[in-house]
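Secondary and tertiary structure notes
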Amino acid sequence: MSTFINGSKKKRCRDAYSRSVFIDFVERHQHLAAVNYPDSFETELDIVNNVTFAKGLARRRLIQRNELGGYSATREGRKQIDPEYVAFYRFCSPYVDVCDFEQEREQHREESFCAAMWSVLLRELHRRMQKGDFPAVCNLHRDIARLYELEQCNEQAAYHFVAALYIHYSGLPYYKDLLLMLRGAKKESTVRDSFGAIYAPPMIVDGLKRHMDRITLDFVREVFHRNPLVINLCSPEMLFELIQALCGGTYDDKVWQGKLRAAFGALMENAKKTGAAAKAVPGRRKEPDGGKS
Amino acid sequence: MTEEHEVVIQFRNVTKTFDLFKNDKQRLKSLLFRNTNARKKVAIDNLSFDIRQGEAVAILGKNGAGKSTMLKMISGVTFPTVGSVRVTGRVSALLEVSGGFDPELSGRENIYFRGELLGISRDELKEMEPDIVAFSELGSYIDMPIRTYSSGMKSKLGFSINANIRPDIIIVDEALSVGDKDFRAKCRRRITEILNSGVTFLFVTHSTAEAKNFCKRGLVIREGKLVFDGDIKDAAAFYEKMHV
Amino acid sequence: MKTLWKIIISHVQYRNQILQLAKTDLIKTYRGALLSWGWAILKPAITIGVYYFAFTVGLRTGKPIKGYPYFLWLISGFIPWFYISAMYTGGAYSLHKYAFLVKKIKFPVCCVPMIVALSNMIVHLALTLLMIIIFIAMGAPITIYLAQLPFYWLLMLMMGVAWGLFSGQVTAVSKDFYQLVRSSFTALMWLSGIFYQISTIKGTALRFILRLNPVTYLIDGFRYCFIDHIWFWEEPLSLLRFMLVYLLFVFLGVKIYSRTEKTITDVL
């Protein structure tokens, strides 16, 4: 959420953004009738209707009808296209708003699109981590990795792809249930049965494949070390083995789901033994020492 | 046609949840107030993928995995709860056997009905009408109301309309391509023609053999999640060996 | 309000489809029956005939009003009622009726009430024509006040769509609401000044409440054209009351639509 940009500045930013993206789209799809433009423009660009917006731009001579049945941009229209806004749109990270990006852009004037984008994504990642929205954290690591790839910073890209997978296979969604189990509010069998299959998101796997050569066991250990979590379903060795299987084409689903289930069982046993006191998140109520074993 | 390699279908972090309300009172409250304490059913969970112009993609998944919800989002019938769905171009999809047909209108009238809803002009439809009617092989039935049709006839008309209205993106649900061997062979030939013309093709199927026939890429959906995205042979193998 | 603007644009963008669907709606309702289109006229005619009989022959309470026979006074109020009653329940059910459309194809839900309204309006126009013929046949004068009929037609259409949008969305979500609409149908008919004049009711408070009913305004409006010979601008207060109720339904309908636009196809 922007706190620094005021209301009218936000509106100007959004209007400029809408025009940039729309006119750029028109240039790339000159044969397409406005009625077939993405419906998502109506939410993402804050416009009411594609057809009327196109007509409005045509009236202002920013675009014009062509012989292919669609529109083309005029010279005046092309001047309105801000390449960084277009890059922002095409990057497509739904968690960040163009106004946040604009605010960062002002502070990173001389640097590239990626610098501003990186700040925005990182801030959002920390926010979501605090909120405990782990699927979003995983997605944001993935997006940050993609951003690094754009700048050919392959080491950092690899790091974030591994971090994304690490979060995805951390078992965090089951943390609450484990606590409830230790408090006696949930039966052990219920928690054990609630463990479902975990599958690696394909976009992350593709990213890992592209940087396979950089990923070593130490690399994975580094990711673990720099991102401590309250719960770890996999050890660094197990995650590294998983990455090799996924990227090398030797992934056997049955075997791996079995391993994950076994790891979860071990996690449950461990939790019972230590009472989870040592793993309590700062700020949360600590479990009584000795647990309920 | 949109240039090749341009992304025409883009899903990012898409999640779709349905509210399950227990009673009318909760439903009415949801109309005016934002916070609802209803239980939620997750139909699609954090789906992200890109499909480019001209790709032929198979969508594999068991019934109830979330395939039809995903297709409805591509067609613009429903919207994601979270995340972004971007679709560029005219989408032609038959989402159910009797999908979008007015049962009281005849087959011929329905061609115009469907076509106009997709934004195609009446003149363009007049041009396409003879091909559609001929392909459907419905003969004189084309002028009878749809409610008199068997499900096989509805599928024939549906496929015929889908395949002949020059879409940019076409979705075919294999469960709907019925008819005898000859008709199915005709459908296959038409699909191959369509593939060669650079139309983006989405094929929903349970049969990995058919998928390998037409598609180069496979998406495997399980319980609302995208679990595999890659070469069709690998996708088919993954789907078959998927741990239940 | 952005949503209101969006609804208006949708209607403009899909105007051809809406007109086509309205025509089809009409054809569908009467196709197949032996008398087909005839029923659109026959059914109201029978209804009026029965009430005429009940009041003039049976109850013998029908006295001439303002120089016109009770029968003419009655039908000048009854004809608009057929449209209003069809929209009252039809509007509420409109989204369910077209669920097959909006659930399978990309079609804006907000345009559906207009389809039903237009289809009913076409029937209404035919009935009004018939009524004019009856008036002429019975020797009653046709005056220039009939020129304001299009004004009332417009109000009927607008009100029908506003009610349809509001009630259609609520019905999509609540069966109880639809039952409420159906049960209050008869009450609405008897409280709208069709069979008796509201102005003759004793008690200012009661008259006030009855006049808030927008249906009353429309019924009275038709009577202004055919019987009372009053221009609509001569009764500004009544028009104001009507517009307030109308705007209330528009506000509610648009508010709900802005909330449920993206999820309504999931619940139908």
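A short tour of the structure in this document, coming up. (Residues numbered from 1 in each chain as written. Chains lettered and ligands numbered in written order. Predicted model: local features only at pLDDT ≥ 70, side-chain atom pairs only at ≥ 80, totals over all residues. Heavy atoms only, no water.)

Description of the interface of chain A and chain C
The interface is formed by nine residues belonging to chain A together with seven residues belonging to chain C. The largest per-residue losses of area from chain A upon contact with chain C belong to Asp 39, Val 48 and Asn 49 of chain A, which jointly make up 56% of the total buried on that side. Counting across the interface, chain A meets chain C through one salt bridge. Residue Lys 106 of chain C is joined to Asp 39 of chain A by a salt bridge in which the shortest nitrogen-to-oxygen separation is 3.3 Å. Taken together, chain A and chain C are joined by two residue pairs in polar contact (both at pLDDT 80 or more). (Contact = heavy atoms within 4.5 Å. Buried area = accessible area lost by both parts, 1.4 Å probe. Salt bridge = Lys/Arg side-chain N within 4 Å of Asp/Glu carboxyl O. Polar contact = N/O pair within 3.5 Å; in protein donor to acceptor, adjacent residues only side chain to side chain.)

A short note on the sheet that holds strand E9 (residues 225-231) of chain B
Residues and elements named next belong to chain B. With mixed pairing, the six strands of this open sheet are ordered in space as E5-E6-E7-E3-E8-E9. Edge positions in the sheet fall to strand E5 (91-93) and E9, since each has one partner strand and no second. Sheet twist, expressed as the average angle between the axes of neighbouring strands with direction ignored, equals 15°. Here four bridges tie strand E3 (residues 56-60) to strand E8 (residues 217-222), and the two strands are oriented parallel to one another. (Pairing = 2+ DSSP bridges. Helix = DSSP H or I, 4+ residues; strand = E, 2+ residues; numbered from the N terminus. Axes fitted to C-alpha atoms, helices over the stretch in contact; angles between N-to-C directions.)

Describing the packing of helix H1 (residues 2-13) of chain C against helix H2 (residues 15-30) of chain C
Residue and element names in this part refer to chain C. Two numbers describe how H1 lies on H2: the axes approach to 4 Å, and their chain directions differ by 70°. In terms of their interaxial angle, H1 and H2 are classed as roughly perpendicular. From H1, His 11, Val 12 and Gln 13 reach across to H2, where they touch Arg 15, Gln 17 and Ile 18. By residue class, the composition of the contact of H1 with H2 is two nonpolar, three polar and one charged. (Parallel < 35°, antiparallel > 145°, perpendicular 65-115°, else oblique. Nonpolar A, V, L, I, M, F, W, Y, C, P; charged D, E, K, R; others polar.)

Thoughts on a nonpolar patch on the surface
Residue and element names in this part refer to chain C. On the surface, a cluster of nonpolar side chains totalling about 600 Å² of accessible area is made up of Met 1, Leu 4, Trp 5, Ile 8, Val 12 and Phe 251. When residues of the nonpolar patch are assigned to their parent elements, the largest contribution, four residues, is made by H1. Mapping Ile 8 onto the fold places it in helix H1. (Patch = residues over 30% accessible without salt bridge, like charges linked within 9 Å, V, L, I, M, F, W, Y side chains within 5 Å. Areas by Shrake-Rupley, 256 points an atom, 1.4 Å probe, with all protein chains shown as cover.)

Quick look at the packing of aromatic side chains
Aromatic ring pairs: the centre-centre distance and the angle between the two ring planes describe each pair. Summed over all chains, the structure comprises 42 aromatic pairs over all chains. An angle of 65° between the planes, with centres 6.1 Å apart, marks the rings of Tyr 199 of chain A and Phe 238 of chain B as edge-to-face. With Tyr 199 of chain A in the loop between helix H11 (188-194) and helix H12 (202-210) and Phe 238 of chain B in helix H8 (residues 232-241), the pair connects residues from two separate chains. For the pair Tyr 199 of chain A and Phe 238 of chain B, one class covers both residues: buried. One aromatic cluster in this structure is built from Tyr 145, Phe 151, Tyr 152, Tyr 217, Trp 231, Phe 232, Trp 233 and Phe 242 of chain C. (Phe/Tyr/Trp six-rings, centres within 6.5 Å; stacked < 30°, edge-to-face > 60°. Buried < 20%, exposed > 50% of the residue type's maximum accessible area, 1.4 Å probe, protein only.)

Focus on the interface of chain A and chain B
A common way to report how large an interface is uses the accessible area buried once the components associate. Counting residues at the interface gives 31 residues for chain A, matched by 28 residues for chain B. Taken over both partners, the interface formed by chain A and chain B buries close to 2,500 Å², and the fraction arising from carbon and sulfur atoms is 52%. Considering only the surface of chain A that becomes buried against chain B, Asn 36, Tyr 199 and Pro 202 of chain A emerge as the three largest contributors, covering 22% of it. Across the contact surface, chain A and chain B share two salt bridges. A salt bridge links Arg 86 of chain B to Glu 44 of chain A; the nearest nitrogen and oxygen atoms lie 2.7 Å apart. Where chain A packs against chain B, one counts 12 residue pairs in polar contact (both at pLDDT 80 or more). Listing elements by their share of the side of chain A that touches chain B, those giving two or more residues are helix H1 (7-28), helix H5 (83-91), helix H8 (134-150), H12 and helix H15 (253-274) of chain A. The element best represented in the side of chain A that touches chain B is H8 of chain A, accounting for four residues. Of the residues belonging to the side of chain A that touches chain B, the class tally is 17 nonpolar, six polar and eight charged.

These figures come from the coordinates and say nothing about function on their own.
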